[in-house]
Amino acid sequence: MAANNNNPTVTGRRLGTELRRLRKDSGLTGTQVAARLLISQAKVSHMETGRRAVSPRDVRDLCRLYGVADRHVVDKLTALARESSRQGWWQAYGDIPHSVYLDLEAAAASIRAYGPMVIPGLLQTPAYAASVIEESIPLPTVDQATAQLRVRLRRQYRIYDPAHRLHLRVVLDESALRRVVGSREIMREQLDHLHALSTEPHITVQVLPHSAGAHPGVSGQFSVLEFPDSREAVVYLKRFSSGLRLDKPSDVQQYSVTHAHLRARALTPEHSRHLIADAIKVSAS
């Protein structure tokens with residue numbers, strides 16, 4: 001699912017929020033703005049929700065209409081307009097599934113995630129990632145599998161970049177540790193990698209053991225993404241070839257509470273490492 005006007009980017013949403021705030025501060029309605037700029041009311045609405053590209057000229061026209069005299073504010077909004085129209089690096093790899101999520105992940109400062117079946121992509125080794133892609137996509141072409149693998153590994157730069165490091169708090173179902181993906185050798189390498197990453201200060205891994213029984217995460221995997229300089233958060237529910245983005249405060253609250261419940265029922269990070277070490281021994285036997 002490629003990013004388009006129906007899937008606002010993070011930057012586009014930030015810009016739209018600022019434009020809506022400025023319009024309300026000016027006392028104008030969307031209908032009045034549309035009439036004065038000779039544009040449709042739908043365009044005004046779509047610009048404010050990030051569902052339509054906003055050009056630097058649009059920004060200047062709106063700021064002039066709203067009486068924004070601060071040059072710094074105008075320049076900041078103009079820069080956001082240029083940034084929101086820029087393509088994500090992953091688009092160079094063709095039609096990649098979950099491109100909406102990739103935009104969210106690229107802008108996020110922290111992610112709280114639950115993974116019920118496999119190790120999350122950000123924590124995968126190349127061999128494990130290749131096996132997941134090849135075995136979970138019906139009859140992928142070589143080019144499709146290669147492109148998805150390259151994108152997945154490129155995403156991992158964020159957890160190693162000290163200037164823009166992504167903070168992860170992951171809850172894994174024990175099934176993700178026990179399921180042999182690819183081969184026992186690939187699985188052992190993956191578990192070693194996961195164990196090592198779990199010791200990093202910006203990565204927290206907790207395992208929900210089978211003994212926990214039924215729990216709030218049985219409905220499937222999800223991620224709660226938070227962004228710098230923003231109180232807003234977004235929930236992403238990953239499905240087979242697409243996903244669902246939820247940004248209503250009530251949805252974000254519900255999934256945040258769900259993740260907190262999962263963390264409370266999961267093993268502590270230290271005991272989780274012990275369980276991962278046990279799974280490593282099993283995969284080596």
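See the structure printed just above.
Positions within a chain are numbered from 1, following the residues in the order the chain's sequence is written. Residues qualify for local features only when their pLDDT is at least 70, as the model is predicted, and side-chain atom pairs are given and counted only at 80 or more; totals for whole chains, interfaces and linings, by contrast, use all residues. Think of the side-chain values as coming from all heavy atoms in the structure, minus any hydrogens and water.

Student: It is not clear to me how the nonpolar core should be interpreted in this structure. Could you clarify?
Tutor: Buried together is how nonpolar side chains tend to be arranged in soluble globular proteins. Counting 35 residues, the largest nonpolar core has Ile111, Leu123 and Leu177 as the members making the most contacts within it. Helix numbers and strand numbers start at the N terminus; a helix is a DSSP run of H or I with at least 4 residues, a strand a run of E with at least 2. Take this core: its biggest share by element is 5 residues, from helix H10 (residues 184–197). Contacts: residue pairs with any heavy atoms within 4.5 Å of one another. Leaving out residues up to four positions away in the same chain, Ile111 has contacts with Tyr101, Glu105, Leu122, Leu166, His167, Leu168, Arg169, Ser223, Val224 and Leu225. Nonpolar cores are built from buried Ala, Val, Leu, Ile, Met, Phe, Trp, Tyr and Cys residues. Side-chain atoms within 4.5 Å join them into one set. Three labels apply to residues, based on accessible area from a 1.4 Å probe with only protein chains included: buried if under 20% of the type maximum, exposed if over 50%, partly exposed otherwise in between. Of all hydrophobic cores here, the second largest spans 18 residues; its members include Leu15, Val59, Cys63 and Leu77.

Student: What is the right way to look at the side chain of Asp173 in this model?
Tutor: The topology assignment puts Asp173 in strand S2 (residues 167–173). Of the side chains with opposite charge, Arg179 lies nearest to the buried Asp173, which makes no salt bridge, at 7.0 Å. Setting aside residues no more than four positions away along its own chain, Asp173 makes contact with Tyr114, Gly115, Pro116, Val207, Leu208, His210 and His215. As used throughout, the charge tally considers Lys and Arg to be positive and Asp and Glu to be negative, leaving His and the chain termini uncounted. In what follows, salt bridge is the name for a side-chain nitrogen of Lys or Arg lying within 4 Å of a carboxyl oxygen of Asp or Glu.

Student: Help me understand the sheet that holds strand S1 (residues 110–115), please; the structure alone is not making it clear to me.
Tutor: Pairing between sheet strands relies on hydrogen bonds along the backbone, with the strands arranged either parallel or antiparallel. In spatial order, the strands read S3-S2-S1-S4-S5-S6; together these 6 strands make up an open sheet with mixed pairing. Edge strands, defined here as strands with exactly one partner in the open sheet, are strand S3 (203–208) and strand S6 (243–246). Adjacent strand axes in the sheet meet at a mean angle of 15°, parallel and antiparallel pairs treated alike. Paired strands are those between which DSSP finds at least two bridges. As judged from the 4 bridges shared by strand S5 (residues 233–238) and S6, these two strands associate in the antiparallel manner. Helix axes are fitted to C-alpha atoms over the stretch in contact, other axes to C-alpha atoms as well, and angles between N-to-C directions run from 0 to 180 degrees.

Student: Please clarify how helix H8 (residues 142–155) should be interpreted in this entry.
Tutor: Along an α-helix, residues three or four apart share an orientation, since each turn contains 3.6 residues. Expected span of a helix, by definition, is 1.5 Å for each gap between consecutive residues, and there is one gap fewer than residues. Taking 1.5 Å as the rise per residue, H8 with 14 residues should run 20 Å; its terminal C-alpha atoms sit 20 Å apart, in good agreement. Structurally, H8 contributes buried residues whose contacts are with helix H6 (99–107), helix H7 (126–136) and S5.

Student: Mind showing me how you'd approach the packing of helix H1 (residues 10–26) against helix H5 (residues 71–84) here?
Tutor: Packed helix pairs are characterised by how far apart their axes lie and by the angle those axes make with each other. Two numbers describe how H1 lies on H5: the axes approach to 8 Å, and their chain directions differ by 145°. Classified by chirality, the crossing of H5 by H1 is left-handed. Two secondary-structure elements touch here, H1 through Thr11, Gly12, Arg14, Leu15, Glu18, Leu19 and Leu22 and H5 through Leu77, Leu80, Ala81, Glu83 and Ser84. In this classification, Asp, Glu, Lys and Arg are treated as charged, Ala, Val, Leu, Ile, Met, Phe, Trp, Tyr, Cys and Pro as nonpolar, and every other residue, Gly included, as polar. Classifying every residue of the contact of H1 with H5 gives 6 nonpolar, 3 polar and 3 charged. Crossing handedness follows the turn of the near helix against the far one: under a right angle anticlockwise gives a left-handed crossing, and clockwise gives a right-handed one.

Student: So what exactly am I meant to see when it comes to the pattern of salt bridges here?
Tutor: Two side chains of opposite charge can pair, provided their charged atoms sit close to one another. Inspection of the entire model under this criterion finds 11 salt bridges. When the shortest N-O distance is used, the salt bridge between Arg21 and Asp25 registers 3.2 Å. Of this pair, Arg21 and Asp25 are both found in helix H1, 4 residues apart, which corresponds to roughly one turn of the helix. Residue classification places Asp25 among the exposed residues on the basis of a relative accessible area of 58%. Between Asp278 and Arg178 there is a salt bridge; the shortest N-O distance is 3.2 Å. Of this pair, Asp278 sits in helix H12 (residues 269–284) while Arg178 sits in helix H9 (residues 174–178); the two residues are 100 residues apart in sequence, bridging distant segments of the chain. Through salt bridges with shared partners, a single network forms among Glu18, Arg21 and Asp25.

Student: Which parts of the structure should I look at to understand the pairing of S1?
Tutor: It is a general feature of regular strands that their side chains alternate between the two faces of the sheet. Among the 6 residues in S1, 6 count as buried, and that is most of the element. A two-sided burial pattern is seen for S1, the buried positions comprising Ser110, Arg112 and Tyr114 on one face and Ile111, Ala113 and Gly115 on the other. Sheet analysis places S1 next to S2, joined by 6 bridges and oriented parallel. Paired with Ala113 across the bridge in S2 is Val170.

Student: Honestly, H10 in this entry has me stumped. Any pointers?
Tutor: An ideal rise of 1.5 Å per residue puts 20 Å on 14 residues; H10 measures up with 20 Å between its terminal C-alpha atoms. Buried residues along H10 sit in contact with H7, S2, H9, S3 and H12.

Student: Would you take a moment to explain the packing of aromatic side chains for this structure?
Tutor: The description of an aromatic ring pair uses the distance of the two centres, along with the angle that the planes make with each other. Between the rings of Phe, Tyr and Trp (Trp by its six-membered ring), a pair exists once the centres lie within 6.5 Å; its type follows the angle of the planes, with under 30 degrees stacked, over 60 edge-to-face, and the other angles tilted. Per the counting criterion, the structure on display carries 3 aromatic pairs. An angle of 45° between the planes, with centres 5.0 Å apart, marks the rings of Tyr101 and Tyr236 as tilted. Remark: Tyr236 occurs in strand S5 and Tyr101 occurs in helix H6; sequence separation between them is 135 residues. Of the residues examined, Tyr101 reaches a relative accessible area of 12% and is grouped as buried. For the pair Tyr114 and Phe222, a centre-to-centre distance of 6.2 Å together with 40° between the ring planes defines the contact as tilted. One end of the pair, Tyr114, is in strand S1; the other, Phe222, is in strand S4 (residues 222–226), with 108 residues separating them in the sequence. According to the relative accessible area criterion, Phe222 is buried, its value standing at 3%. Members of the aromatic cluster, connected to one another through ring pairs, are Tyr114, Phe222 and Tyr255.

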